[in-house]
Amino acid sequence: MKLEAVELIRLNVPLKSAFRTSFSSVNMHEVVWVHAVTDEGEGWAECGANDRPDYSSEYHTGAMAVLREFILPDLFKLGNDLSAEAVAPTLHWIKQHRMAKAAIETALLDAQLRASTTSFAEYFGATRDKVPAGVSVGIMDSLPELMGFVEGYLNEGYVRIKLKIEPGWDYEPVKLVRETYGPDLLLQVDANTAYTRDDFDLLKRLDEFNLLLIEQPIYEEDLLGHAKLADYIETPVCLDETIISADIARDAIELGAAEIINIKPSRVGGYIESVKIHDISVANNIPVWCGGMLETGIGRAANLALAAMPGFTLPGDTSASSRYFETDLTEPFVLVDGHISVPTGPGIGVDPIPEIIERFAVSREWIKR
Ligand code: OSB
Ligand code: MG
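The notes below deal with the structure included here. None of these values were measured; they are calculated from a predicted model. (Residues numbered from 1 in each chain as written. Chains lettered and ligands numbered in written order. Predicted model: local features only at pLDDT ≥ 70, side-chain atom pairs only at ≥ 80, totals over all residues. Heavy atoms only, no water.)

### Some details on helix H6 (residues 171–181)
Residues of H6 that are buried: Tyr171, Pro173, Val174, Val177 and Arg178. Once H6 ends, the next one or two residues include Gly182, with phi positive near 85 degrees. (Buried < 20%, exposed > 50% of the residue type's maximum accessible area, 1.4 Å probe, protein only. Helix = DSSP H or I, 4+ residues; strand = E, 2+ residues; numbered from the N terminus.)

### What about the site of ligand 1?
Taken together, 16 residues lie around ligand 1, and Ser136, Lys164, Asn192, Leu294 and Tyr324 are the ones closest in. Here an oxygen atom of ligand 1 sits 3.1 Å away from a polar atom, N or O, in the side chain of Lys162. Coverage of ligand 1 by the protein chains reaches 98% of its 390 Å² of free accessible surface. In the shell around ligand 1, the residues fall into 6 nonpolar, 3 polar and 7 charged. (Near = heavy atom within 4 Å. Polar contact = N/O pair within 3.5 Å; in protein donor to acceptor, adjacent residues only side chain to side chain. Areas by Shrake-Rupley, 256 points an atom, 1.4 Å probe, with all protein chains shown as cover. Nonpolar A, V, L, I, M, F, W, Y, C, P; charged D, E, K, R; others polar.)

### Brief notes about the packing of helix H9 (residues 246–255) against helix H11 (residues 271–283)
Viewed as axis vectors pointing N to C, H9 and H11 meet at an angle of 20 degrees, and their least axial separation amounts to 9 Å. In this view, H9 runs roughly parallel relative to H11, as classed from their interaxial angle. In this structure, the crossing between H9 and H11 has a hand that is right-handed. Across from Ala246, Ala249, Arg250 and Ile253 in H9, the residues of H11 making contact are Glu273, Lys276, Ile277, Ile280 and Ser281. In terms of residue class, the contact of H9 with H11 is made up of 5 nonpolar, 1 polar and 3 charged. (Axes fitted to C-alpha atoms, helices over the stretch in contact; angles between N-to-C directions. Parallel < 35°, antiparallel > 145°, perpendicular 65-115°, else oblique. Left-handed = near helix turned anticlockwise from the far one by under 90°. Contact = heavy atoms within 4.5 Å.)

### So, the environment of Pro352
With respect to the element layout, Pro352 can be found in the loop between strand E12 (339–341) and helix H14 (354–360). Overall, Pro352 belongs to the buried group, its relative accessible area being 11%. Sequence separation of Pro352 and Ala283 is 69 residues, and the distance between their C-alpha atoms is 37 Å. Apart from the residues within four sequence positions on either side, Pro352 is in contact with Trp33, Trp44, Ile298, Leu329, Thr330 and Ile357.

### Notes on the sheet that holds strand E2 (residues 25–38)
Two strands in a sheet stick together by hydrogen bonds in their backbones, pointing the same way (parallel) or opposite ways (antiparallel). Strand order in the open sheet formed by 4 strands is E3-E2-E1-E13, with antiparallel pairing between adjacent strands. Since the sheet does not close on itself, it has two edges, and those belong to strand E3 (41–46) and strand E13 (361–368), each with one partner. Pairs of neighbouring strands in the sheet enclose a mean axial angle of 20 degrees, with direction left out of account. In this sheet, E2 lies alongside strand E1 (residues 3–20) in antiparallel orientation, the contact comprising 13 bridges. Paired with Leu8 across the strands is Val34, a residue of E2. The strands touched by helix H3 (residues 98–115) are E1, E2 and E3; relative to E3, the strand with the most contacts, the crossing angle is about 145 degrees. (Pairing = 2+ DSSP bridges.)

Set out below in structure tokens:
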């Protein structure tokens, strides 16, 4: 396969309601898409980078810059030797920038698999045709507001609730949700690194709520701190931000820092690396689940295929389109009995709708070989 041109599209897609985490509050999904044109056909991917370097060091215009200046010139140079599998080895010399690398690798994988009429799910060896959906619930201004959202999501059929937490918004909201819905509700929390090694006693108080897991409680580089916390509390420690590669996943598991892993393909450099993390986790009896970055249908389709692999034994943040957007940019993904169907068509299995791209696009730029 040969890469002919790439279109970088910046989109601002309004969210239905503000999504607040311990690191930001967003009303708009500001995102970059990569549209690859090859001699065998076209492919699409959504870059995971936020508008600001607040979740990881990457941000959308930075990802566009590294694609333009370094990543795409190297891939153009490969000529006919290009394949999705060749992307990571070719770009190995570029330090970090995993979300930018993931976006182009995914767009090329989409083009490659569309050409061979293979779905992402088949390529991954996925074993299910639908996956259970959880929902990530942001930090709210008040407990009644939170309960309104949780009630609504449970009525829709979501099978697992994840509450975003931060110091001052932890024990009370978790207690209220647990007491209201009882012991059978699958409930977990995500701190996005908001706590420190000084907060272990506070986090231990959450043990009484029998949570599925606590996600990324402390600083992403503090592997040893997570191992110490995992020893100290009953709630299983799950890592998100820390797990940026299969090598780090292996080390975190061996150190006892990751009792569960959230796999986000964008964070780890793509789906090929994600499958490696899945395999390492399965070999070590570590459950995994698929995280999200508020993706539009273009990113969501590929995540659902990954989440259908056998090691994904916990519900993911792969919610329906309607949880995020009034209007998605593909056919919307819908929740049916708490599950979302895995696309079966070639490649990611969905197509962007041109008129809707036009509506939300802020800029479109072609880069040619
Ligand atoms: O930490 O999992 C996270 C959204 C943006 C950035 C980080 C995170 C999240 C979510 C929502 O929790 C996941 C989703 O529904 O896509
Ligand atoms: Mg998280």
